[in-house]
Amino acid sequence: MHVEIHGHRGARGLRPENTLPGLTHALELGVDALEFDVALTADRRLVLTHDLTVSAVTSADTRPAFPGDPLYPYVGLPVGQLTLAQLRTLECGVRLPQHPDDRFAATQVPVPDTRMPTLGAVLGLVDAYGADGVRLHVELKSDPTRPDLSADPRELTEMVVAELDLYGRLGGAAILSFDWRILRIARELAPATQRYALIESDTMDSVWLDGLRLEDFGGDVPAAAAAAGGTTVSPEHVLVDELFVRRAQAAGLPVAAWTVNEADRAAELLDLGVAGIVTDYPDRLRALWADRGLPLPAPVRARRPAGV
């Protein structure tokens, strides 16, 4: 049995999320897929960020991009209102917990002077590592309930597909989104590229599901995901039980559950028959896989300088 390990935002529990050091660490540990988030800047550049506003937990201001910049400080502002030059001033390598229960601050190794990377920089890094066997899971950040913060879904998808194609990665990538409009657009633009239909309880609404209503599918999320153009259904792990997996099998879709950091829950999901597990701690899942005698993704080492 082969079940995939997907590194969430690289390896968020171990290194700064959505950064080159974090993605590098996940590659060197060994993952089947490298997951990260992208959004669009004011000057139409694709950058890695989970949040549509600059997060005070993962980012800190260092200086204005130019003297007297009226938008400075940048933390808390919409990513789409800032240029790449402004975003590149942010410190993204030191987690700044705002709450005492921030579980990642205790385990994440800081990497000071780390900047927010572009999608192109990530693709260059992966190329430098020769990581052709690692699938790139590009989550397009789009919130249909907040069009003021989100890029146009077609423009965003077109730009991501074009960038992947430029680097010859369309066949070794997957497009992920909670906004199922993006699945439809990606199916049109790159039909051979995998599409992951993300879902959680807060997005079980037609505004997120490209107009589909779950009640029209008898509450069958995998069936709706298949209708939306998904090739894999990717739910929050709390939604996954025996019925969910049976429905996914009936719809012809693999299940990739997110985000699982405890070995006991990962073991339950393995027993249920999921095809992949997304984790902040690839090292923990690798230990479980070894205990189970499951095939492990090979660690990857750089074959030439990244040049990014």
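Procedures and definitions
- Residues numbered from 1 in each chain as written.
- Predicted model: local features only at pLDDT ≥ 70, side-chain atom pairs only at ≥ 80, totals over all residues.
- Heavy atoms only, no water.
- Phe/Tyr/Trp six-rings, centres within 6.5 Å; stacked < 30°, edge-to-face > 60°.
- Helix = DSSP H or I, 4+ residues; strand = E, 2+ residues; numbered from the N terminus.
- Lys NZ or Arg CZ within 6 Å of the ring centre and 35° of its normal.
- Buried < 20%, exposed > 50% of the residue type's maximum accessible area, 1.4 Å probe, protein only.
- Axes fitted to C-alpha atoms, helices over the stretch in contact; angles between N-to-C directions.
- Parallel < 35°, antiparallel > 145°, perpendicular 65-115°, else oblique.
- Left-handed = near helix turned anticlockwise from the far one by under 90°.
- Contact = heavy atoms within 4.5 Å.

**Some remarks on the packing of aromatic side chains**
Piece 1. A complete count under the given rule lists three aromatic pairs for this structure.
Piece 2. With a centroid separation of 5.7 Å and an interplanar angle of 90°, the aromatic rings of Phe178 and Trp258 are classed as edge-to-face. Taken together, the residues span a long stretch of sequence, with Phe178 in the loop between β5 (173-177) and α5 (180-189) and Trp258 in the loop between β8 (256-257) and α8 (263-272) at a distance of 80 residues.
Piece 3. Geometry around Tyr281 places Arg284 over its ring, the cationic atom sitting 3.6 Å from the centre.

**Here we look at the environment of Leu34**
Piece 1. Its place among the elements puts Leu34 in strand β2 (residues 33-40).
Piece 2. Among the residues examined, Leu34 registers a relative accessible area of 0% and is labelled buried.
Piece 3. Along the primary structure Leu34 and Ile175 are separated by 141 residues, whereas in three dimensions their C-alpha atoms are 12 Å apart.

**Notes on the packing of helix α3 (residues 119-129) against helix α4 (residues 153-166)**
Piece 1. Closest axis-to-axis distance for the α3/α4 pair is 10 Å, and the angle between their directions is 25°. As the angle between them shows, α3 and α4 are arranged roughly parallel. In this structure, the crossing between α3 and α4 has a hand that is right-handed. Together, Leu119, Gly120 and Leu123 of α3 and Val160, Glu163 and Leu164 of α4 make up the contact between the two elements.

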